[in-house]
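Fold and contact review
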Amino acid sequence: MNNFVYSWSDGKTLPESYVFPPEKRPGEHLVHVSKNIPVIDLGKAVGLHRKEAIQQIIDASQEFGFFQVINHGVPRRVVEDARAAYQGFFDLPTEEKMRLYSSDVNKKCIFYTSSVFYDNEDIHAWRDSLRHLCTPLDECIHSWPQKPTKYREVVQKYVTEVREMGSRILELISEGLGLGVGYFENELSQQQYLNVHRYPPCPDPSLTLGLRPHCDTGLITILLQGTVAGLQALKDGQWMCIEPIPDAFVVNIGYQLQIVSNGKLVSVVHRAVTNKDEARMSAAFFIEPKEDCIVEPAKAITTDAGNPAVYKSVQYAEFVQTFRAAYLGKTQNVLEHYMV
Ligand code: OGA
Ligand code: NI
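This structure is a prediction, so every number in the text was calculated from the model and none was measured.

1. Concerning the UniProt feature "domain: Fe2OG dioxygenase" (unreviewed entry) in the chain
- Under the UniProt annotation, the feature "domain: Fe2OG dioxygenase" (unreviewed entry) is placed at residues 189–289.
- Within the segment residues 189–289, helix and strand shares are 6% and 44% respectively, and the terminal C-alpha atoms sit 5 Å apart.

2. Some points on the side chain of Thr-135
- Within the secondary structure, Thr-135 sits in the loop between β4 (128–133) and α5 (137–140).
- You can call Thr-135 buried: its relative accessible area is 16%.
- Those residues in contact with Thr-135, other than ones at most four positions away along the chain, are Cys-140, Gln-190, Gln-191 and Gln-192.

3. A few points about the site of ligand 1
- Near ligand 1, the surroundings consist of His-197, Tyr-199, Leu-211, His-214, Asp-216, Leu-223, Leu-231, His-270, Arg-280, Ser-282, Ala-284 and Phe-286.
- Separating an oxygen atom of ligand 1 from a side-chain N or O atom of His-270 is a distance of 3.0 Å.
- One nitrogen or oxygen atom from the side chain of Ser-282 is found 2.6 Å from an oxygen atom belonging to ligand 1.
- Judged by the fraction of its atoms near the pocket grid, ligand 1 is located in the largest pocket.
- Taken together, the elements giving at least two residues each to the shell around ligand 1 come down to β5 (191–199), β6 (211–214) and β12 (280–288).
- Top element by residues in the shell around ligand 1 is β12. It accounts for four residues.
- In terms of residue class, the shell around ligand 1 is built from six nonpolar, four polar and two charged.

4. As for the layout of surface pockets
- Counted as a void, the largest pocket has a volume near 910 Å³.
- For the largest pocket, the lining is made up of 47 residues, of which Arg-131, Thr-217, Phe-286, Glu-288 and Arg-324 are closest to its centre.
- Within the residue set of the lining of the largest pocket, elements represented by two or more residues are β4, β5, β6, β7 (220–224), β11 (270–272), β12 and α8 (316–327).
- Counting residues per element, the lining of the largest pocket draws most heavily on α8, at seven residues.
- Its residues placed into classes, the lining of the largest pocket shows 21 nonpolar, 14 polar and twelve charged.

5. Points about the sheet that holds strand β1 (residues 39–41)
- Spatially, the eight strands line up as an open sheet ordered β1-β2-β10-β7-β12-β5-β4-β3, and their pairing is mixed. Two strands close off the open sheet at either side, each with one partner strand: β1 and β3 (109–113). Put simply, the sheet's adjacent strands are angled 25° from each other on average, direction ignored.
- The sheet contacts of helix α6 (residues 151–176) involve β2 (66–70), β4, β5, β7, β10 (249–253) and β12, and relative to β7 the element is tilted by about 130°.

6. Overview of the sheet that holds strand β8 (residues 231–235)
- Spatially, the four strands line up as an open sheet ordered β6-β11-β8-β9, and their pairing is antiparallel. At either margin of the open sheet sits one strand with a lone partner, and together these are β6 and β9 (238–241). Across the sheet, the axes of successive neighbouring strands diverge by a mean angle of 25°, strand direction being ignored.
- Here β8 pairs with β11 via three bridges, running antiparallel. Along β11, the bridge assignment pairs Gln-232 with Arg-271.

7. Structural notes on the coordination of the nickel ion (ligand 2)
- Looking at the metal site, the nickel ion (ligand 2) is ligated by His-214 (NE2), Asp-216 (OD) and His-270 (NE2), spaced 2.1 Å from it.
- Each donor residue of the nickel ion (ligand 2) belongs to the same chain, with the gaps between them written as H-x1-D-x53-H. One end of the pair, Asp-216, is in the loop between β6 and β7; the other, His-270, is in strand β11, with 54 residues separating them in the sequence.

Rules of the game
- Within each chain, residue numbers correspond to sequence positions counted from 1 in written order.
- By the order in which they are written, chains take letters starting at A while ligands take numbers starting at 1.
- Per-residue local features are limited, in this predicted model, to residues with pLDDT of at least 70; the limit for side-chain atom pairs, both in listing and counting, is 80 or more; totals at the level of whole chains, interfaces and linings are taken over all residues.
- As a rule here, side-chain values cover all heavy atoms of the structure and leave hydrogens and water aside.
- UniProt positions are given in the numbering used here, feature names are shortened, and annotations may be inferred rather than shown by experiment.
- Secondary structure elements are defined from DSSP: runs of H or I of at least 4 residues count as helices, runs of E of at least 2 residues count as strands, and each element is numbered from the N terminus.
- The rule is simple: take the accessible area with a 1.4 Å probe, protein chains only, and divide by the maximum for that residue type; under 20% is buried, over 50% is exposed, in between is partly exposed.
- A contact between two residues is defined here by any heavy atoms of the two lying within 4.5 Å.
- The rule for a residue being near a molecule or strand is that one of its heavy atoms must lie within 4 Å of it.
- Any pair of nitrogen or oxygen atoms within 3.5 Å is treated as a polar contact; in protein, a donor-acceptor pairing is required on top of that, and neighbouring residues in sequence qualify only through side-chain atoms on both sides.
- Grid points spaced at 1 Å and placed over the protein atoms alone form the basis of the search, with a cavity being a set where a 1.4 Å probe fits but cannot get out and a pocket an open set showing protein on both sides within 12 Å along at least five of seven lines. Lining residues have an atom within 4 Å of a point.
- The rule for placing a molecule in a cavity or pocket is simple: more than half of its atoms must lie within 2 Å of the grid points.
- Each residue is assigned to one class: nonpolar for Ala, Val, Leu, Ile, Met, Phe, Trp, Tyr, Cys and Pro, charged for Asp, Glu, Lys and Arg, and polar for all the others, Gly among them.
- Grid points are joined across faces, edges and corners, and a volume is the space filled by probe spheres set on the points.
- When DSSP finds two or more bridges between a pair of strands, those strands are recorded as paired.
- Angular values range over 0 to 180 degrees, each being the angle between N-to-C directions of two axes fitted as lines to C-alpha atoms, with helices fitted over their stretch in contact.
- With water omitted from the atoms examined, metal sites may look incomplete; donors here are N, O and S atoms no farther than 2.8 Å from the metal, or 3.2 Å in the case of Na, K and Ca.

Now the structure itself:
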């Protein structure tokens, strides 16, 4: 059975199983917020301006849980080659892509549709996705798509560069939180995934979603949004569009960084809407703790600062289990399970 949106969508019909109930549809609480997500020039985060950039990142992460970065140091060529490889994958013949078809999240590389919970969800989301592990790179690369032939080579460069930028951002955050140098450069950030999403053109974007509202589970996510709008973040009960900026990456705070910062930085609910005329492709790079890593509010923020921990310690693998169990249920804020 091939239930992938790309394979059956004729651009005209929207099956019942993709129609969300009225209160969950994109059109209901529309988006009118004057303030936009801050754009931070990482090229300026050096010398005298380093402190300023740190402050901007901390402020944005407190207020929106999101910011965008420009002058981030990832070469344009590396990004373009990776985008071409992602596109090349989605353009492969069906039999070739189906070699990776699975919704088993424990596999290193999977191609799936809607979400990994397809069989259990009431309403499906309008997207097809490729997801693979990126750590340790020399091992997991053998699980990545063999075609297009350049995929492994160019995506390896991409994830290496994006990982490197992510480390710089985590370093700025670490300094901004008063955690000193290298706080995240250990098992807290040693697992990474890449999730490439393709949202085919949709006959009626007002009725469906490309990605349901959720927060990301890890530390930070670095998203290549591309040129087609679709990502929205919840702010004061309204959905804000995160405007596509050429050459920028969108960065957002995941649940684990909310825990480590003892709630100072926030992981914010976001979703993706579809587009009537154009397909949209995005690539999310998740920087996460290793499965057995114990995550807890940093001592420098709690004990040492007389600011009681609001979250319990939790093993990352256990947190992810709770997240998955809650994803289809009613609980939206998984963190509530780990409040002191
Ligand atoms: C995600 C995500 C947003 C997008 O993969 O977790 O939020 O625009 N993606 O595809
Ligand atoms: Ni997300």
